[in-house]
Amino acid sequence: MAGAAIAGASLHPFDRELLETHNDARRDFGSKPLRWSDDLAADARAYAKVMARTGKFDHSPASTRRGVGENLWMGTDRTFTASDMIGAFVGEKRYFKPGKFPDVSNTGNWVDVGHYTQVVWPWTEEVGCAVASNGGHEYLVCRYRPTGNIYDWPIAPK
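Residues numbered from 1 in each chain as written. Predicted model: local features only at pLDDT ≥ 70, side-chain atom pairs only at ≥ 80, totals over all residues. Heavy atoms only, no water.

**Focus on the nonpolar core**
Argument step 1. Grouped together as the largest cluster of nonpolar side chains are 27 residues, with contacts concentrated most on Trp-36, Phe-89, Val-127, Leu-140 and Cys-142.
Argument step 2. Broken down by secondary-structure element, the contributors of at least two residues to this core are α1 (13–29), α3 (82–90), α4 (114–120), β5 (126–133) and β6 (137–145). (Core = buried A, V, L, I, M, F, W, Y, C linked by side-chain atoms within 4.5 Å. Buried < 20%, exposed > 50% of the residue type's maximum accessible area, 1.4 Å probe, protein only. Helix = DSSP H or I, 4+ residues; strand = E, 2+ residues; numbered from the N terminus.)

**Looking at the state of the cysteines**
Argument step 1. The final tally for this structure, using the stated rule, is 1 disulfide.
Argument step 2. Each sulfur of the disulfide joining Cys-129 and Cys-142 lies 2.2 Å from the other. Because the sign of the S-S torsion sets the handedness, a value of about 110 degrees for the bond joining Cys-129 and Cys-142 places this disulfide among the right-handed ones. Of this pair, Cys-129 sits in strand β5 while Cys-142 is found in strand β6, placing the two residues 13 residues apart along the sequence. (Disulfide = S-S within 2.5 Å.)

**Focus: the packing of aromatic side chains**
Argument step 1. All chains considered together, the criterion is met by 11 aromatic pairs.
Argument step 2. For the ring pair Phe-96 and Tyr-116, a centre distance of 5.7 Å and an interplane angle of 65 degrees mean the geometry is edge-to-face. Taken as a pair, Phe-96 in the loop between α3 and β4 (99–100) and Tyr-116 in helix α4 lie far apart in primary sequence, 20 residues in all. The pair Phe-96 / Tyr-116 is uniform in exposure class, with both members buried.
Argument step 3. Residues Phe-101 and Trp-121 carry aromatic rings whose centres are separated by 6.2 Å and whose planes lie at 90 degrees to one another, so their mutual orientation is edge-to-face. On the criterion of sequence distance, the pair formed by Phe-101 in the loop between β4 and α4 and Trp-121 in the loop between α4 and β5 is long-range, its members being 20 residues apart. Of the two residues examined, Phe-101 and Trp-121, each falls in the buried class.
Argument step 4. One aromatic cluster is present, built from ring pairs that chain together Phe-101, Trp-110, Trp-121, Trp-123, Tyr-151 and Trp-153. (Phe/Tyr/Trp six-rings, centres within 6.5 Å; stacked < 30°, edge-to-face > 60°.)

**So, α3**
Argument step 1. Among the residues making up α3, those that are buried are Ala-82, Met-85, Ile-86 and Phe-89. Relative to the axis of α3, the buried residues are bounded by an arc of 85 degrees and lie together on one face.
Argument step 2. At its buried positions, α3 is contacted by α1, β3 (69–76), α4, β5 and β6. (Arc of directions from axis to C-beta. Contact = heavy atoms within 4.5 Å.)

The values are spatial; any link to function lies outside them.
See below:
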């Protein structure tokens, strides 16, 4: 896995906080910790810049990131910490129920937990995230390898 940092040892403090917040949620769920991936972070940065430039908040085409999952977040510029950003994904835990994906939400709609399930997906090994700003909003992109949220795969805390 080229470009992966062990436990965030040499990361910028913001990136380390992103990784640690992911891994705190994964530990609570019973999943192995993620490694930081510089190449995933570079891809995430490129796409975050696209969203900041265009103001369009939408997932990148799946065809451009085969085998790589993606979580997106947007908020007011310079208002949120890395923990706040990832915490928005983790906050979906309140709607999660164990099951086979996509039947994993107590609301009946997997979209209500899709960010959370990607964060804690037991088979994901690497993450890379980046933020870009347009002066009004910040756009966070996190990329995950291998992807999570695979149909008919079971997901439950250990």
